[in-house]
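Coordinate analysis (summary)
Here is what each chain is made of, one letter per residue.
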Amino acid sequence: MAEISSETRFLHAIEMGLGAWQWGDRIVWQYGHGYSSSDVQQAFLASLNEGIRFIDTAEIYGNGRSEQLLGQFLKEIDQPVLIATKFLPFPWRLFKGTLPRALKASLGRLGAESVDLYQIHWPTPLMSIDTMMEELAECVKSGMTRTVGISNFGQSRMLAAYSALARRNVPLASNQVHYSLLNRAVEKNGTLARCKELGIRLIAYSPIEMGLLSGKYSADSPPPGARARNYTGLLPKLGPLLKLMTEIGQDHGGKSHTQVALNWVICKGALPIPGAKNAAQAQENAGGLGWRLTEDEVARLDQVSDTVTG
Ligand SMILES: NC(=O)c1ccc[n+]([C@@H]2O[C@H](COP(=O)([O-])OP(=O)(O)OC[C@H]3O[C@@H](n4cnc5c(N)ncnc54)[C@H](OP(=O)(O)O)[C@@H]3O)[C@@H](O)[C@H]2O)c1
């Protein structure tokens with residue numbers, strides 16, 4: 001395992017964060033239907049109350065609304081919060097100076113002077129990794145972000161980003177990727193192991209598989225909106241995994257499916273950032289912390305997850 005640089009060490013000390021895609025997003029999450037800005041503010045406050053203070057947003061979430069809401073909420077508290085946001089590489093924005101300009105606009109919405117992590121939302125073939133990393137390094141050097149990361153980068157692109165930043169004396173802090181009991185690609189293709197080797201924090205998005213691992217959805221009662229289409233194949237197969245999660249949760253004093261799902265991600269050495277629409281969800285998610293699945297339980301979960309997704 002590589003030595004973790006002093007600049008990025010704080011990320012390795014964070015066990016769980018809070019995802020803010022839900023804050024303002026109507027397309028996937030139906031913000032405004034069944035939950036409002038006051039609900040997500042309560043989710044934010046409940047998380048802080050539980051000691052979770054790493055918030056992941058992006059300029060694209062709710063077309064800037066997520067960053068704006070976070071900025072609004074930050075004004076009403078006096079606790080320090082760690083902010084991660086993301087640059088969206090739309091093809092028409094890929095020219096020199098775009099990233100620092102986009103970060104400046106994010107900082108405006110957040111009402112902050114700097115963020116703790118600035119990430120490229122996903123890779124693009126339209127700008128070389130070297131140029132993109134040059135721009136990210138610029139954001140660190142100007143003091144607008146403490147560290148930089150990538151998202152949805154496969155191993156070879158991740159290594160290219162790591163080297164391009166290293167040439168500029170900037171560490172690659174993180175790679176934010178899809179990782180849950182129902183999506184273990186990064187574990188199976190070696191990305192997680194490579195992250196650990198290089199001291200890159202793997203940030204796990206959709207760790208509850210967009211609500212599926214909470215156990216509240218089934219083939220007869222699918223999630224609303226776009227999620228139902230994405231998961232038609234998976235929903236009828238969830239039974240055995242949910243059953244095992246119930247048993248294991250019971251052995252730990254009644255932990256919920258969601259808490260087992262989040263603890264599993266933590267046991268794998270990744271940082272989950274579950275999204276929450278309200279205080280109750282945020283509070284339940286925080287209960288994924290403070291205890292540990294045994295190695296045997298993790299192995300049993302792996303085995304059943306293979307039969308469900310395989
Ligand atoms: N970098 C990227 O490309 C990328 C992609 C996706 C996500 N992300 C980040 O990762 C974060 C998390 O991922 P995600 O939001 O896709 O999925 P997730 O965290 O797996 O699922 C969140 C959803 O699950 C349901 N939920 C949450 N807590 C629950 C609980 N305790 N009990 C029951 N249901 C619960 C809620 O939806 P319902 O109540 O409607 O079911 C919630 O919106 C995002 O907010 C975002 O910050 C990044």
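Conventions and cut-offs
- Residues numbered from 1 in each chain as written.
- Predicted model: local features only at pLDDT ≥ 70, side-chain atom pairs only at ≥ 80, totals over all residues.
- Heavy atoms only, no water.
- 1 Å grid on protein atoms, 1.4 Å probe; cavity = no way out; pocket = protein on both sides within 12 Å on 5 of 7 lines; lining within 4 Å.
- Points joined across faces, edges and corners; volume = space filled by probe spheres on them.
- Helix = DSSP H or I, 4+ residues; strand = E, 2+ residues; numbered from the N terminus.
- Nonpolar A, V, L, I, M, F, W, Y, C, P; charged D, E, K, R; others polar.
- Core = buried A, V, L, I, M, F, W, Y, C linked by side-chain atoms within 4.5 Å.
- Buried < 20%, exposed > 50% of the residue type's maximum accessible area, 1.4 Å probe, protein only.
- Contact = heavy atoms within 4.5 Å.
- Phe/Tyr/Trp six-rings, centres within 6.5 Å; stacked < 30°, edge-to-face > 60°.
- Pairing = 2+ DSSP bridges.
- Axes fitted to C-alpha atoms, helices over the stretch in contact; angles between N-to-C directions.

**Some details on the layout of surface pockets**
In this model, the largest pocket occupies a volume close to 920 Å³. Lining the largest pocket we find 42 residues, and of these Trp21, Gln22, Trp29, Ser206 and Met210 sit closest to its centre. Counting residues per element, the ones that place at least two in the lining of the largest pocket are β6 (172-178) and α12 (279-286). No other element matches α12, which puts four residues into the lining of the largest pocket. Class assignment for the residues of the lining of the largest pocket results in 18 nonpolar, 17 polar and seven charged.

**Section: the nonpolar core**
Residues Trp23, Phe44, Tyr118, Met133 and Leu301 are the most contacted members of the largest nonpolar core, which totals 89 residues. Dropping the residues within four chain positions of it, Tyr118 is found in contact with Thr85, Lys86, Phe87, Leu99, Ala102, Leu103, Leu136, Cys139, Thr145, Thr147, Val148 and Gly149. Counting residues in each nonpolar core, the second largest holds eleven residues, with Leu11, Leu82, Ala173 and Ile273 among its members.

**Digging into the packing of aromatic side chains**
Inspection of every chain in the model, using the stated rule, returns eight aromatic pairs. Centroid distance Trp23 to Phe73: 5.4 Å. Interplanar angle 55°. Geometry classified as tilted. Within this pair, whereas Trp23 is found in the loop between β1 (18-19) and α2 (37-49), its partner Phe73 is found in helix α3 (residues 65-75), the two being separated by 50 residues in sequence. Looking at Phe73, the relative accessible area reads 2%, which means it is buried. Between Phe90 and Trp92, the ring centres sit 4.4 Å apart and the planes meet at 10°, which makes this aromatic pair stacked. In this structure Trp92 comes out as exposed when scored by relative accessible area, which is 61%.

**Describing the sheet that holds strand β5 (residues 145-151)**
Sheet strands pair by backbone hydrogen bonding; their relative direction is either parallel or antiparallel. Judged by pairing direction, the sheet is parallel, and its eight strands sit side by side in the order β1-β2-β3-β4-β5-β6-β7-β8 without closing on themselves. For this open sheet the edge positions go to β1 and β8 (271-272), each flanked by a neighbour on one side alone. Two elements, β1 and strand β2 (residues 54-56), share two bridges in a ladder whose sense is parallel. Directly across from Leu18, in β2, lies its bridge partner Ile55. Across the sheet, helix α6 (residues 155-166) touches β5 and β6, and the angle it forms with β6 is around 160°.

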